[in-house]
Amino acid sequence: MANLSAGVNVVTTDGPRGRAGITVSAACSVTDTPPTMLVCINQSTYIHDILKANERLCINVLAPEHQEVALAFAGGTPADQRFSVSGDVWDHSIADVPVLKGSAASIVGRITSITARGSHSVMFVEANRVIVGDDNGGGLVYFQRRFHPINAPLSA
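This write-up is about the structure you can find in this document.

Brief notes about the sheet that holds strand β6 (residues 56–61)
Part 1 of the argument: Reading across from one edge, β3-β2-β6-β9-β10-β5-β4 is the order of the 7 strands in this open sheet, with antiparallel pairing throughout. Each end of this open sheet is capped by a strand with a single partner; those strands are β3 (20–24) and β4 (27–32). The average undirected angle you get between the axes of adjacent strands in this sheet is 30 degrees.
Part 2 of the argument: Note: strand β9 (residues 105–117) against strand β10 (residues 120–132), 12 bridges, orientation antiparallel. Residue Arg117 lies in a different strand from β10, and its bridge partner there is His120.
Part 3 of the argument: Here helix α1 (residues 46–54) sits on the sheet in contact with β2 (9–13), β3, β5 (35–42), β6, β9 and β10, set at roughly 115 degrees to β3.
Part 4 of the argument: Strands β2 and β3 of the sheet are contacted by helix α2 (residues 67–76), whose axis makes an angle of about 110 degrees with β3.

Structural notes on the environment of Leu38
Part 1 of the argument: For Leu38, the position within the fold is in strand β5.
Part 2 of the argument: The exposure class assigned to Leu38 is buried, which follows from its relative accessible area of 17%.
Part 3 of the argument: In this structure, the C-alpha to C-alpha distance between Leu38 and Ile111, residues 73 residues apart in sequence, is 9.1 Å.

Some words on the packing of aromatic side chains
Part 1 of the argument: Applying the stated criterion across every chain, the model contains 4 aromatic pairs.
Part 2 of the argument: Centre to centre, the rings of Phe83 and Trp90 are 5.2 Å apart; their planes meet at 70 degrees, and the pair counts as edge-to-face.
Part 3 of the argument: Residue classification places Phe83 among the buried residues on the basis of a relative accessible area of 10%.
Part 4 of the argument: The rings of Phe73, Phe83 and Trp90 are connected pair by pair, giving a single aromatic cluster.

Re the side chain of Thr36
Part 1 of the argument: Mapped onto the secondary structure, Thr36 falls in strand β5.
Part 2 of the argument: On the accessibility criterion, Thr36 (10% relative accessible area) is buried.
Part 3 of the argument: Leave out the neighbours within four places in its chain, and Thr36 touches Ser29, Val30, Thr31, Phe124, Val125 and Glu126.

Focus: the sheet that holds strand β1 (residues 6–7)
Part 1 of the argument: Taken in spatial order, the 3 strands of this open sheet run β1-β11-β12, and their pairing is antiparallel. Bordering the open sheet on either side are β1 and β12 (146–150), each of which pairs with just one other strand.
Part 2 of the argument: Pairing between strand β11 (residues 139–143) and β12: 5 bridges, direction antiparallel. Paired with Phe143 across the bridge in β12 is Arg146.

Examining the layout of surface pockets
Part 1 of the argument: In this structure, the largest pocket encloses a volume near 470 Å³.
Part 2 of the argument: If you go around the largest pocket, you meet 16 residues; those closest to its centre are Met1, Val24, Ser25, Ala26 and His120.
Part 3 of the argument: Within the residue set of the lining of the largest pocket, elements represented by two or more residues are β3 and β5.
Part 4 of the argument: Residue composition of the lining of the largest pocket, grouped by class: 10 nonpolar, 5 polar and 1 charged.

Rules of the game
Residues numbered from 1 in each chain as written. Predicted model: local features only at pLDDT ≥ 70, side-chain atom pairs only at ≥ 80, totals over all residues. Heavy atoms only, no water. Pairing = 2+ DSSP bridges. Helix = DSSP H or I, 4+ residues; strand = E, 2+ residues; numbered from the N terminus. Axes fitted to C-alpha atoms, helices over the stretch in contact; angles between N-to-C directions. Contact = heavy atoms within 4.5 Å. Buried < 20%, exposed > 50% of the residue type's maximum accessible area, 1.4 Å probe, protein only. Phe/Tyr/Trp six-rings, centres within 6.5 Å; stacked < 30°, edge-to-face > 60°. 1 Å grid on protein atoms, 1.4 Å probe; cavity = no way out; pocket = protein on both sides within 12 Å on 5 of 7 lines; lining within 4 Å. Points joined across faces, edges and corners; volume = space filled by probe spheres on them. Nonpolar A, V, L, I, M, F, W, Y, C, P; charged D, E, K, R; others polar.

That is the geometry; function is a separate question.
The structure is reproduced here in structure tokens:
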């Protein structure tokens, strides 16, 4: 699996069970009608049941400069301190969940169904808002246990 390159995302939530976030590479588009994403979450992580209870989340697609955020939400920082890493990078006024400022994109939506598969739950998220980053500076991928920036092509 280390040779399977994947985009890096931070999934965030807020609601009755509180604010939480986690770094994931298992997130992708499912369909455009209705606009649906999926995200895979290990059932043993602290955030699994929080996501289920809150039902709302944001899939923040990381830009190259967000490696520090990715590491913090991957477990390098205690859960209760993750949102204070990297300064004031979270916007709480755009949606009812934390949105990462300067992300390549942020997809806000509601969990519409959950399917258990082995150690993980596949959460289907119907998007109701997509926020695209202003600078189109590229993305961040994970490959062979390291982060790699992907720069956006220069326009002609």
